[in-house]
Amino acid sequence: MKAISLGRKITSLLLCVSMAGALFTGCKKGDDMFPSIEAPSVETEPEESTENTDDQLSGGDIRELKVALPYSDLTIQCLAAMLYCKNNGLWDSTDDGSTIDTAFLSSVATNYVVTNIGCGSTGATLDVVKDWSKSDMPDLYLAQDSNAVWKAGYAAPLNEYLSDNAYLNSQHIYTGALTADSEGGIFYALPHFCSARIIMGNTEYIPSESGKLQIKNTTEDFREYLEEIDDEYSCAAFASAYELIPYLGSAFNNDNPTSYMVYDEYVKDHDSATQIVYDASSYVKDFYSSELAFNQMDGADPVYSRKAALWVDSSANIRAWSEYYPGSLYLLHLPCNDATNVGVPYVTTYSLCVSKDSDNSDFASEFAAFISYDPDAQLLIYRLEDMTGLMPLTRNDAIWNMISEDEIFGHMASDFRQTMDNAVYCPDSYDSKLFTKTNEYTAIFVEQDDDFDPEKCYG
């Protein structure tokens, strides 16, 4: 499990980039226009050994692909065999990823070997990637923050490899996730799965009179709930509540999707964005002035000491918290002002990057798109791995139905499924300068009367 925010959280794929021919025609899905992605205009001479072709994948040469994925060897072996079967007419259409016999897949003799060196459940940090680059760089790896990896020079641009990939269209995947892994028309990663920012609670501090707050709630309801907890229990009603501020923009902007800490809005309109920040921070500041929120109690983190009723976190960490709070963890959506609002998910993607120096960039890209967007590959992953709190970036009904059966996260996942087209994509890694500076700034800002300072916040 990756490191959770601000030094108090526990530590705990795959990518998708896409292109559609020289120009992939934009097609509508919901309110999003699927991006047109251009392949590089500069033609390069093909290398003498064109080892990355479908013909050679079907031939007798043994290809090797080194990956860093948070999956077991069995899952990796089965995914590789599934890709081989589908590429070579060996796939039985009566099977799918939820029913295929893993013993059969394990017995398939492919002409390539996929070796997994592993990584954290939400990908490798930039420091890990730097260490890999010195001695053991995989061809394909899940990155905790693909943008940081790209800016540091460890990821290859992918446009030329996936321009004709059949999975990359708005009927299969969420457009916003795809474009989040691009910069200036260059696509440098493929979003593999995602998490969402949520509120977690400890059932030991549920108000006895009103009972547990409903999973979807308003800012007013949430405030009243905290007051009830404070009246009845000696605990931090909301631990480190400042961590809620970057995700409250939509609640105070007529429930319209608003970027992380209204950064994008600030670039366009300083005054309007500043007002949204003040509204969101004033709401949270009231928690502190009313002593409903604490960073620490008696020198101890109230979440770890089990003295917190509620706290903000990523759904990626549900598994870890459910082990730390066995039988007493419950989940709430972020509050919104409008009771009729369907919700604005604040989503973080974990994406697959291809190593800049890989000799197998095309095969790595093909494997990345396959395991991220092929419905059978996704069903197999969610069947064989514990993916609680992690959601796919494909629209496939069978996958979402499987996730909705999860005992802890299933009901919430069903809600997110209905609102993913409204998702706001935001960072959730200390490799991101924006994430780091925002968390540092809001921790101080919420307890002071200073004016909002974008330089200190956005860095």
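All of these numbers come straight from a predicted model, not from anything done at the bench.

Rules used in this analysis
- Along each chain, residues carry numbers from 1 onward, in the same order as the chain's sequence is written.
- At least 70 in pLDDT is required for a residue's local features to be given in this predicted model, at least 80 for side-chain atom pairs to be given and counted, and no such filter applies to totals for whole chains, interfaces and linings, which use all residues.
- Values reported for side chains reflect all heavy atoms of the structure, with hydrogen atoms and water molecules removed beforehand.
- Per-residue accessibility, obtained with a 1.4 Å probe over protein chains only, is compared with the maximum for each type, and a residue is labelled buried under 20%, exposed over 50%, and partly exposed between these values.
- Working definition: helices are DSSP H or I runs of at least four residues, strands are E runs of at least two. Numbering for both runs from the N terminus.
- For this quantity, the arc is that covered by the directions from the helix axis to the C-beta atoms.
- Note on contacts: a residue pair is in contact if any heavy atoms of the two residues lie within 4.5 Å.
- What is meant by a nonpolar core is a set of buried Ala, Val, Leu, Ile, Met, Phe, Trp, Tyr and Cys residues, joined one to another through side-chain atoms within 4.5 Å.
- Axis lines are fitted to C-alpha atoms, over the contacting stretch for helices. Their N-to-C directions set the angle, which ranges from 0 to 180 degrees.
- Roughly parallel means an angle under 35 degrees; roughly antiparallel means over 145; roughly perpendicular covers 65 to 115; every other angle is labelled oblique.
- Each residue gets one of three labels, nonpolar for Ala, Val, Leu, Ile, Met, Phe, Trp, Tyr, Cys and Pro, charged for Asp, Glu, Lys and Arg, and polar for the others, Gly among them.
- Salt bridges are defined as contacts in which a side-chain nitrogen from Lys or Arg sits within 4 Å of a carboxyl oxygen from Asp or Glu.

Caption draft 1: Region of interest: helix α4 (residues 126-135). Of the positions making up α4, those classed as buried are Leu126, Val129 and Trp132. In a view along the axis of α4, the buried residues occupy a sector of 115°, so they form one face of it. Turned more than 90 degrees away from the buried face of α4, the exposed residues are Asp127, Lys134 and Ser135. In the core, the buried residues of α4 are packed alongside β3 (63-68), β5 (140-143) and α5 (146-151).

Caption draft 2: The arrangement of the nonpolar core in detail. If you look at the biggest cluster of nonpolar residues, it comprises 76 residues, and the most contacted ones within it are Leu69, Trp311 and Phe367. The element that contributes the greatest number of residues to this core is helix α2 (residues 73-87), accounting for 9 residues. In terms of nonpolar packing, the next biggest core, distinct from the first, is built from 52 residues, Tyr247, Leu310, Tyr330 and Cys426 among them.

Caption draft 3: Layout of the packing of α2 against helix α11 (residues 361-373). Packing of α2 against α11 brings their axes to within 11 Å, and their N-to-C directions diverge by 100°. One way to sum up the angle between α2 and α11 is to call them roughly perpendicular. Residues Leu79, Ala80, Met82, Leu83, Lys86 and Asn87 of α2 touch α11, and the partners they reach there are Phe363, Glu366, Phe367, Phe370 and Ile371. Of the residues contributing to the contact of α2 with α11, the split by class is 8 nonpolar, 1 polar and 2 charged.

Caption draft 4: Quick look at the side chain of Thr438. Along the chain, Thr438 turns up in helix α15 (residues 433-445). Take Thr438: its relative accessible area is 0%, and that puts it in the buried class. Setting aside residues up to four positions removed in sequence, Thr438 forms contacts with Pro246, Tyr260, Met261 and Cys457.

Caption draft 5: The pattern of salt bridges, seen in detail. For the structure shown, the criterion picks out 9 salt bridges. A salt bridge links Lys66 to Asp136; the shortest N-O distance between them is 2.5 Å. Here Lys66 is found in strand β3, whereas its partner Asp136 is found in the loop between α4 and β5, with 70 residues between them in sequence. For Lys66, a relative accessible area of 27% corresponds to the partly exposed category. Accessibility expressed as a relative area gives 29% for Asp136, which makes it partly exposed.

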